[in-house]
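Summary of the model geometry
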There are 2 protein chains.
Amino acid sequence: LISENFPDSSVRRLSAYLRQLELLSAAGVTRVSSRQLAERMKVGGAQVRRDLALFGQFGMRGVGYGVEEMIANLRDILGTERRWKTAVVGAGPLGLALLRYGDFPQRGFELVAAFDVDPAKIGMNVGTVEVFPMQRLEEVIARKEVKLAILAVPAAVAQQTADRLVAGGIEGIMNFATTALQAPANVHVSQVDITAQLEQLTFQISHDRDDRAETTS
Amino acid sequence: LISENFPDSSVRRLSAYLRQLELLSAAGVTRVSSRQLAERMKVGGAQVRRDLALFGQFGMRGVGYGVEEMIANLRDILGTERRWKTAVVGAGPLGLALLRYGDFPQRGFELVAAFDVDPAKIGMNVGTVEVFPMQRLEEVIARKEVKLAILAVPAAVAQQTADRLVAGGIEGIMNFATTALQAPANVHVSQVDITAQLEQLTFQISHDRDDRAETTS
């Protein structure tokens, strides 16, 4: 059932449910209703029930969902009940910021290596993570059994670096370079486009203004 | 028409179409078919035609879409035909990386100010952008007519900082802090969750493995 194709938007919301449930758990809450979850997520209660039913989660009317049980199930579904060895490739300003991003370890992503071409950075430790020379990419990836790569290299070298990650046995690439990557079907690529997210905002702002202009004219 | 509610996923794809069209334009291409666009985007041709028709773009069979015209129209729809004065709030590692992110200016986002509480950073210039003390947030935002804020402060102070941005006249906030923000209805908030994007990848990888296990058993 779970291995069918789900809409990306539902999978994205699962991460958001998990986040809210982790906050509830940290606050000592043990049960939650779909309505409470919906309020925290700013979506409708029916949407919450639909999303969770899609992934085999069923709350009971008047009793709701068990917070710890649901956290375990969502982690199982998202694949983060196990730890993922992750590398940051490219230790420029963005790569360094991601290496220092405190949220990764607590959410199942263990940073085990970084890579850069700059001799001044090689051998450096960022937190507990060593920066290796880019020439050793395949070797270190294979030896440390890294399965995820966060790609933060210049766009001009993104594809060739991705090819080497694939050769090294990487299963998933989160790509911050502003270029679309080609990868074999068994390697998953997630494209991060920060500017596109700003465009979502300007789209909403612009169309709000249009609406107000129409209302007042 | 355009001011109706569109699915977020369609708006996200508009940004991606714009990206591809800009690349085609830079390569000297003047016309493109929905099929060519679909191949570059790795979606179906019918999806492309549906998305673009939703926003009033109609290609002609056998002639396709005019690249420059479509770029102008997409920018108009996304609101980026005009420049947006943007501030980065929080000049930690992530804020500094975003200040150096070369993609913003060419896509309509003009960084005009940064803010931090660290006296060592105040007065510093990152590229052409000055770091102001956080106490001057409302004043500088108002004086420079900043409309967008990129929030890269610790989660513990994200809400209070967002409240001050709203007071200063900000219309949109892209929030990198891992906390949900409350904002009035006329201020748009876009939540960036980098770890959730990694979870999308682990979801796909895990379910691929399940599929393979099922096939071979």
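For clarity, every value in this text was computed on a predicted model and none was experimentally measured. (Residues numbered from 1 in each chain as written. Chains lettered and ligands numbered in written order. Predicted model: local features only at pLDDT ≥ 70, side-chain atom pairs only at ≥ 80, totals over all residues. Heavy atoms only, no water.)

Considering the overall build of chain A
Secondary structure summary: chain A contains nine helices and nine strands in total. For chain A, the spread of C-alpha atoms along the three principal axes comes to 60 × 50 × 35 Å. Scored against the burial criterion, the 217 residues of chain A give a buried share of 50%. Long-range pairs, those at least 24 residues apart, make up 56% of the contacts in chain A between residues at least 6 apart in sequence. When the accessible surface of chain A is summed, it comes to about 10,100 Å², and 51% of that surface belongs to carbon and sulfur atoms. (Helix = DSSP H or I, 4+ residues; strand = E, 2+ residues; numbered from the N terminus. Buried < 20%, exposed > 50% of the residue type's maximum accessible area, 1.4 Å probe, protein only. Contact = heavy atoms within 4.5 Å. Areas by Shrake-Rupley, 256 points an atom, 1.4 Å probe, with all protein chains shown as cover.)

So, the pairing of strand β8 (residues 172-175) of chain B
In the case of a regular strand, side chains alternate between the two sheet surfaces. Residues and elements named next belong to chain B. Because side chains alternate across β8, one face comprises the buried residues G172 and M174, and the other comprises I173 and N175, equally buried. Pairing between strand β7 (residues 148-151) and β8: four bridges, direction parallel. Within β8, the residue paired with A149 across the bridge is I173. Read from β7 through helix α8 (residues 155-167) to β8, the crossover connection turns out right-handed. Bridging between β8 and strand β9 (residues 188-191) involves four bridges; their strand directions are parallel. For G172, the partnering residue across the bridge sits in β9 and is H188. (Pairing = 2+ DSSP bridges. Right-handed = clockwise from strand over helix to strand, strands pointing away.)

Digging into the interface of chain B and chain A
Chain B puts 66 residues into the contact, and the matching count from chain A is 66 residues. Buried surface at the junction of chain B and chain A, both sides included, amounts to about 5,800 Å², of which 58% is carbon and sulfur. Interface area lost by chain B to chain A is led by B:L198, B:E199 and B:F203, which between them contribute 11%. Where chain B packs against chain A, one counts seven salt bridges. B:E199 is paired through a salt bridge with A:R107; the nearest N and O atoms lie 3.9 Å apart. For the interface between chain B and chain A, the tally reads 20 residue pairs in polar contact (both at pLDDT 80 or more). Those elements giving two or more residues to the side of chain B that touches chain A turn out to be α1 (8-26), α4 (67-78), α5 (93-99), α6 (103-106), β7, β8, β9 and α9 (194-216) of chain B. In terms of residue count, the dominant contributor to the side of chain B that touches chain A is α9(B) (19 residues). Looking at the side of chain B that touches chain A, its residues break down into 31 nonpolar, 19 polar and 16 charged. (Buried area = accessible area lost by both parts, 1.4 Å probe. Salt bridge = Lys/Arg side-chain N within 4 Å of Asp/Glu carboxyl O. Polar contact = N/O pair within 3.5 Å; in protein donor to acceptor, adjacent residues only side chain to side chain. Nonpolar A, V, L, I, M, F, W, Y, C, P; charged D, E, K, R; others polar.)

Here we look at the side chain of B:N175
Residues and elements named next belong to chain B. Its location among the elements puts N175 in strand β8. Here A177 takes part through its backbone nitrogen, which lies 3.0 Å from a polar atom of the side chain of N175. Apart from the residues lying within four places of it in its own chain, the contact partners of N175 are L151, L181, V189, S190, Q191 and V192.

Concerning the side chain of A:S15
Relative to the helices and strands, A:S15 is located in helix α1 (residues 8-26). Ignoring anything within four residues of it in the chain, the contact list for A:S15 reads A:L78, B:A196, B:E199 and B:Q200.

Remarks on the sheet that holds strand β4 (residues 109-116) of chain A
Residues and elements named next belong to chain A. An order of β5-β6-β4-β3-β7-β8-β9 is seen for the seven strands of this open sheet, with the pairing classed as mixed. Looking at which strands have only one partner, the edges of the open sheet turn out to be β5 (125-126) and β9 (188-191). Across the face of the sheet, helix α8 (residues 158-167) comes into contact with β3 (84-89), β7 (148-151) and β8 (172-175) while running at roughly 170° to β7. (Axes fitted to C-alpha atoms, helices over the stretch in contact; angles between N-to-C directions.)

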